[in-house]
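Structural description and commentary
The residues making up each chain are set out below.
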Amino acid sequence: MSGCETGGLISATLLTLVVLPALYARFGTTEAAARDAASERHTYPRLRQAAE
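Residues numbered from 1 in each chain as written. Predicted model: local features only at pLDDT ≥ 70, side-chain atom pairs only at ≥ 80, totals over all residues. Heavy atoms only, no water.

With that out of the way, let us pick up the overall build of the protein chain. When its secondary structure is counted, the protein chain shows three helices and zero strands. Scanning the protein chain from its N terminus toward the C terminus, one meets helices and strands in the order α-α-α. Residues counted as buried form 0% of the 52 residues belonging to the protein chain. On the protein chain, roughly 4,800 Å² of surface is accessible, and the fraction owed to carbon and sulfur atoms is 64%. (Helix = DSSP H or I, 4+ residues; strand = E, 2+ residues; numbered from the N terminus. Buried < 20%, exposed > 50% of the residue type's maximum accessible area, 1.4 Å probe, protein only. Areas by Shrake-Rupley, 256 points an atom, 1.4 Å probe, with all protein chains shown as cover.)

Have a look at this one:
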């Protein structure tokens, strides 16, 4: 393998295993945001019932 290919494999591996999980831990959704998103999904059936 050439140096460029090896460097690409190493950097891609580091991004996948180290950087992306760290970014998700820092900026990922919180439990409160996940609950809010889940509660929004339950509003659509009520809208359908009101239209009928």
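Here the protein chain shows a mean pLDDT of 78. Residues at 70 or above account for 67%. Mean pLDDT per element in the protein chain: helix α3 (residues 43-51) is the minimum at 57, and helix α1 (residues 3-27) is the maximum at 92. (pLDDT = per-residue confidence, 0-100.)

On to α1, then. Given 3.6 residues per helical turn, the α-helix brings residues three or four places apart onto the same face. Given a rise of 1.5 Å per residue, 25 residues ought to cover 36 Å, and the 33 Å separating the end C-alpha atoms of α1 matches this to within 8%. In α1, a bend of some 40 degrees at Leu 15 exceeds every other bend along the element. (Expected span 1.5 Å × (residues − 1). Bend = angle between axes of the 7 residues up to and from the residue.)

Here the focus is a nonpolar patch on the surface. Side chains of Ile 10, Leu 14, Leu 15, Leu 17, Val 18, Val 19, Leu 20, Leu 23 and Phe 27 sit close together on the surface and give an oily, nonpolar patch of about 890 Å² of accessible area. Note that Leu 15 resides in helix α1. (Patch = residues over 30% accessible without salt bridge, like charges linked within 9 Å, V, L, I, M, F, W, Y side chains within 5 Å. Salt bridge = Lys/Arg side-chain N within 4 Å of Asp/Glu carboxyl O.)

Bringing the environment of Thr 6 into the picture now. With respect to the helices and strands, Thr 6 occurs in helix α1. Of the polar contacts made by the side chain of Thr 6, one reaches the backbone oxygen of Ser 2; its length is 3.0 Å. (Polar contact = N/O pair within 3.5 Å; in protein donor to acceptor, adjacent residues only side chain to side chain.)

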